[in-house]
Protein chains: 2
Amino acid sequence: MEFHLPGELAPPSRLLLGPGPSPVHPRVLRALSTPLVGHLDPRFLEIMNEVQGMLRAVFRTENGFTIAISGTGSAGMEAALVNLVEPGDAVVVVVAGVFGTRMADIVARAGGRAIKVAVPWGEVCDPGRLEEALAREGKGNVKAVALVHAETSTGAHQPVDELSQLARAHGALVVLDTVTSLGGVPVEVDGWGVDACYSGTQKCLSCPPGLAPLTLSARALDAIRARKTPVQSWYLDAGLVADYWAEGKRVYHHTAPISMVYALREALRLVLEEGLPARFARHRLHSTALLAGVAALGCAPQAAEGHRLPMLNCVRVPPGVDEAAVRRALLSGPGIEIGGGLGPLAGQVWRIGLMGEGARQENVLAVLAALELALLRQGRELRPGAALSAAMEVYARA
Amino acid sequence: MEFHLPGELAPPSRLLLGPGPSPVHPRVLRALSTPLVGHLDPRFLEIMNEVQGMLRAVFRTENGFTIAISGTGSAGMEAALVNLVEPGDAVVVVVAGVFGTRMADIVARAGGRAIKVAVPWGEVCDPGRLEEALAREGKGNVKAVALVHAETSTGAHQPVDELSQLARAHGALVVLDTVTSLGGVPVEVDGWGVDACYSGTQKCLSCPPGLAPLTLSARALDAIRARKTPVQSWYLDAGLVADYWAEGKRVYHHTAPISMVYALREALRLVLEEGLPARFARHRLHSTALLAGVAALGCAPQAAEGHRLPMLNCVRVPPGVDEAAVRRALLSGPGIEIGGGLGPLAGQVWRIGLMGEGARQENVLAVLAALELALLRQGRELRPGAALSAAMEVYARA
């Protein structure tokens, strides 16, 4: 076992404008470095209450069961699905990208029957398509409809309200992925009638990755209580986890990731200090400026007008451009991270995240300048400054 | 949705001498607060390699698959078991406390048949008992033997080598829980022939909770590849997780908890700078001093001589003492956290952790002084200073 002890931790400075993680506010970094109390300490239990209250405010729900799962966003997805789905259950999954595909995979691993409504990548699901799928199964025969609010792999913004109403009219529970949307565009858990909604911390909440906010409606909890089989995951069993988070119970389940809870608490304070409407407007403004800028570079958005996510700008790479070389140039030069395409979009798109703390004018200008220079260096014919000028026109009008 | 925004994060200062989390070194807190790079950043991939190398050194293994699962120690337990156990598989589980019980629960949720070898709480498993259980099933009919190295609920230190040899002789894989032992007493994954070994970060590694180190042998990986059914968990699927951690692959699976990986890297550097033998000796010394001190207060260890964990001192509460009041007094006075009993030991024992950074002379003296004062205030007849004198005799001889 030959072994060399690594040196000091000294990662490079990065501007995180990819699909997540997003830039983290210094106050959140400071919260992370706070010395720990125990996970059953009376003060930590208060901190958990505070986090629950702020999560309810951000999810726009009064659900008692509103917690942070001890894992990343994908653990939230798994928690939402494995608690609700029993072997044999039919679940309609809207699949319009990587994350819808993942939902269907998890449903199948839980023994459920995943009925996929396939939507071209970059598009959103027409309510008629969902209605068809539900009608084919017959009313009351579908346990849940699962969909992704903000498909991080395509940048498409799925309208939820109508799909959710359809699902409920057919007696199905609604499972919604808001990993990328929460804190960046409106999410209305109670208003839309969503039964299980999960998110991640490293997108528009601008907290490091490691926790998955999850809220469950009374209907979802009833469904869990009515299960005939145990939840296949002990770690993610909502009943057990709830007994730890429930005020007055606090039954030991597993050791909470205390430092991450500190960080999430501070990140949520920042979100609510800014206020949700102002935060959503900020995300919209900077996305508009960015899209104007990249249009001047010859990049069109992947998602259709009216269905574009402001925090995840998925744009087509101009023909003939070596897109991976551009990303490498951004990382090795100014230290800017943007994302490439996933699955069928690999090599065809860039995914530029303006999430949470990332959605700032200086970041928009920095990434546009870096992209313009990288394209000029690949021999593209562009007027220097065109991208920044286009963005500045948006800011001037704002 | 009435809502009050919580104030500044200002938890009380605590000396963490319970069953975990343990005190975190300032260097680890500083690592936590390091600004993030992306989870696919070339530098982060190097950091993952460094963490893997240090985990191999601490686990004493050359296993290629040696990673940190994105969850707490219990997620490590679930990952080890759900990857190996298929529906119908027989798994012999040594149950001598809370964590053995949990292993059996997870085996059952994975569709396995958990054959429990029940051992009285505080005792260790006699090899003859395991041999009987294996013989009853017949050679080659048991998929795995699962056991806990350091039972955190009782303070008992299970000798692993002989049990592991028995398991392998019967053709069974060996699954070992080292959540509380790793970094505090010798763990020899390759030397003992362990096939799946997991731990947590918040015990003797003195890192905040949130990651679960996991190592799998080639035999374990073969068993996973030979599965007839998919792993029930997508999040913990070792095959998918391995493709992210494997050098040269780095296939996106889920967003790694970057800040926690930073922290673990620094915690492992501290462990290896000290050196494993010195670290083990330090844990032994301070445990000996603590046990001498609490003996002067009338507290005997729960585990038998020769089978006591140095990092988790589970001691009997003297008759007539209100143990919960003592713990409250320690927390509200000097701010010292110690643990109470779990399950059948609730109300009967204290669990005093001297884990990682916690195993220091000043902490032993602080907790003994606090316990002595709390007992004196409950009217016990004790000679003031008796506990500290007994501990000092140990230090004077060391």
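Thresholds applied
Counting of residues starts from 1 at the beginning of each chain's written sequence and follows it residue by residue. Whichever chain is written first becomes A and whichever ligand is written first becomes 1, with later ones labelled in order. Only residues with pLDDT of at least 70 get local features here, since the model is predicted, and only at 80 or more are side-chain atom pairs given and counted; chain-wide, interface and lining totals rely on the full set of residues. C-alpha atoms of residues with pLDDT of at least 70 in both copies form the basis for the least-squares superposition of the copies. By this definition, two strands are paired if DSSP reports at least two bridges between them. Put simply, DSSP marks the helices as runs of H or I at least four residues long and the strands as runs of E at least two long, and each gets a number from the N terminus on. Once C-beta atoms are placed from the backbone, any two residues with those atoms within 7 Å are in contact. In this count, Pro and Cys sit with the nonpolar residues alongside Ala, Val, Leu, Ile, Met, Phe, Trp and Tyr, while Asp, Glu, Lys and Arg are called charged and the others, Gly among them, polar. Each residue is classed by its C-beta neighbour count within 10 Å, where at least 20 other C-beta atoms makes it buried, 12 or fewer makes it exposed, and intermediate counts make it partly exposed; the C-beta atoms are placed from backbone geometry. Source of the domain bounds: an automatic or database domain assignment. Between N-to-C directions, angles cover 0 to 180 degrees, with each direction set by a line fitted to C-alpha atoms, over the stretch in contact for helices. Orientation labels follow simple angle bins: below 35 degrees gives roughly parallel, above 145 gives roughly antiparallel, 65 to 115 gives roughly perpendicular, and whatever is left gives oblique. By the definition used in this description, the sense in which the near helix is turned from the far one sets the handedness, with an anticlockwise turn below a right angle giving left-handed and a clockwise turn giving right-handed. The nonpolar core is taken to be a set of buried Ala, Val, Leu, Ile, Met, Phe, Trp, Tyr and Cys residues joined by way of C-beta atoms within 7 Å.

**Quick word on the relation of the copies chain B and chain A**
Both copies of the chain are placed relative to one another by a rotation about an axis and a shift along it.
Thought 1: Once chain B is rotated about the relating axis by 180° and shifted along it by 0.0 Å, it coincides with chain A to within an RMSD of 0.0 Å. In the structure described here, the two chain copies are related by an operation that fits a two-fold rotation axis.

**Here's the deal with the sheet that holds strand S14 (residues 349-353) of chain A**
Residue and element names in this part refer to chain A.
Thought 1: One open sheet holds the 3 strands; their spatial order is S11-S14-S13, and the pairing between them is antiparallel. Two strands bound the open sheet, and with one partner strand each, they are strand S11 (312-316) and strand S13 (339-340).
Thought 2: Across 2 bridges, the pairing between S13 and S14 is antiparallel. Across the sheet, glycine 340 pairs through a bridge with tryptophan 350, a residue of S14.

**Observations concerning the interface of chain B and chain A**
Thought 1: The interface is formed by 67 residues belonging to chain B together with 66 residues belonging to chain A.
Thought 2: Looking at the side of chain B that touches chain A, the elements that each hand over two or more residues are helix H1 (26-32), helix H2 (42-59), helix H3 (73-84), helix H4 (98-109) and helix H10 (258-274) of chain B.
Thought 3: Per element, the largest residue contribution to the side of chain B that touches chain A is 9 residues, and it comes from H10 of chain B.
Thought 4: The residue inventory of the side of chain B that touches chain A, partitioned by class, reads 30 nonpolar, 21 polar and 16 charged.

**Observations concerning the environment of valine 142 of chain B**
Residues and elements named next belong to chain B.
Thought 1: Relative to the assigned elements, valine 142 resides in the loop between helix H5 (127-137) and strand S5 (144-148).
Thought 2: For valine 142, a count of 22 C-beta atoms within 10 Å puts it in the buried group.
Thought 3: Put simply, valine 142 and isoleucine 115 are 27 residues apart on the chain and 9.4 Å apart in space, counted from C-alpha to C-alpha.
Thought 4: Contacts of valine 142, omitting those with residues within four sequence positions, involve Ala90, Val92, Leu134, Glu137, His170 and Ala172.

**Points about the pairing of S11 of chain A**
Residues and elements named next belong to chain A.
Thought 1: Burial analysis of S11 places 4 of its 5 residues in the buried class, the great majority of the element.
Thought 2: Bridge count for S11 against S14 is 5 bridges, and the pairing is antiparallel. Across the sheet, cysteine 314 pairs through a bridge with arginine 351, a residue of S14.

**Some remarks on the domain arrangement of chain A**
Residues and elements named next belong to chain A.
Thought 1: Partitioning chain A into structural domains gives domain 1 (26-272) and domain 2 (276-397).
Thought 2: Once you take the C-alpha centre of each, domain 1 and domain 2 turn out to be 29 Å apart.
Thought 3: Each partner contributes to the interface: domain 1 provides 22 residues, whereas domain 2 provides 23 residues.

**Topic: the sheet that holds strand S4 (residues 113-118) of chain B**
Each strand in a sheet pairs with another by means of backbone hydrogen bonds, the pair being arranged parallel or else antiparallel.
All names here are of chain B.
Thought 1: Spatially, 7 strands are ordered S2-S10-S9-S8-S5-S3-S4 in an open sheet, and the strand pairing comes out mixed. The sheet terminates laterally at strand S2 (65-69) and S4, the two strands that pair on one side only. Pairwise comparison of adjacent strand axes, ignoring direction, gives a mean angle of 15° for this sheet.
Thought 2: The pairing of strand S9 (residues 196-198) with strand S10 (residues 212-216) spans 3 bridges and is classified as antiparallel. Bridge pairing in S10 places alanine 196 opposite leucine 216.
Thought 3: Those strands touched by helix H8 (residues 218-225) are S2, strand S8 (173-177), S9 and S10, and its axis lies near 110° from that of S8.

**Observations regarding the packing of helix H11 (residues 276-296) of chain B against helix H13 (residues 361-377) of chain B**
Residues and elements named next belong to chain B.
Thought 1: Packing of H11 against H13 leaves a shortest axis separation of 10 Å and a crossing angle of 15°. Our classification of the angle between H11 and H13 gives roughly parallel. Pair H11 / H13 crosses with right-handed handedness. Residues His286, Ala289, Leu290, Gly293 and Val294 of H11 touch H13, and the partners they reach there are Gln361, Val364, Leu368 and Leu371.
Thought 2: The residue inventory of the contact of H11 with H13, partitioned by class, reads 6 nonpolar, 3 polar and no charged.

**Things to note about unusual backbone geometry**
Thought 1: Glycine 20 of chain A connects to proline 21 of chain A through a cis peptide bond whose omega is 5°.
Thought 2: Mapped onto the elements of the fold, proline 21 of chain A is located in the loop between strand S1 (15-16) and helix H1 (26-32).
Thought 3: Positive phi values are uncommon outside glycine, yet arginine 60 of chain B reaches one of about 55°.
Thought 4: Summarising the element assignment, arginine 60 of chain B is placed in the loop between H2 and S2.

**Some details on the environment of arginine 56 of chain A**
Thought 1: In this fold, arginine 56 of chain A is placed in helix H2 (residues 42-59).
Thought 2: The spatial distance from the C-alpha of arginine 56 of chain A to the C-alpha of tryptophan 350 of chain A is 33 Å, given a sequence separation of 294 residues.

**Topic: the nonpolar core**
Thought 1: By size, the foremost hydrophobic cluster in this structure holds 276 residues, and its most contacted members are Leu81 and Val145 of chain A together with Leu81, Ala144 and Val145 of chain B.
Thought 2: In contact with valine 145 of chain A, not counting residues within four places along its chain, are Val92, Leu130, Leu163, Ala167, Ala172 and Val174 of chain A.

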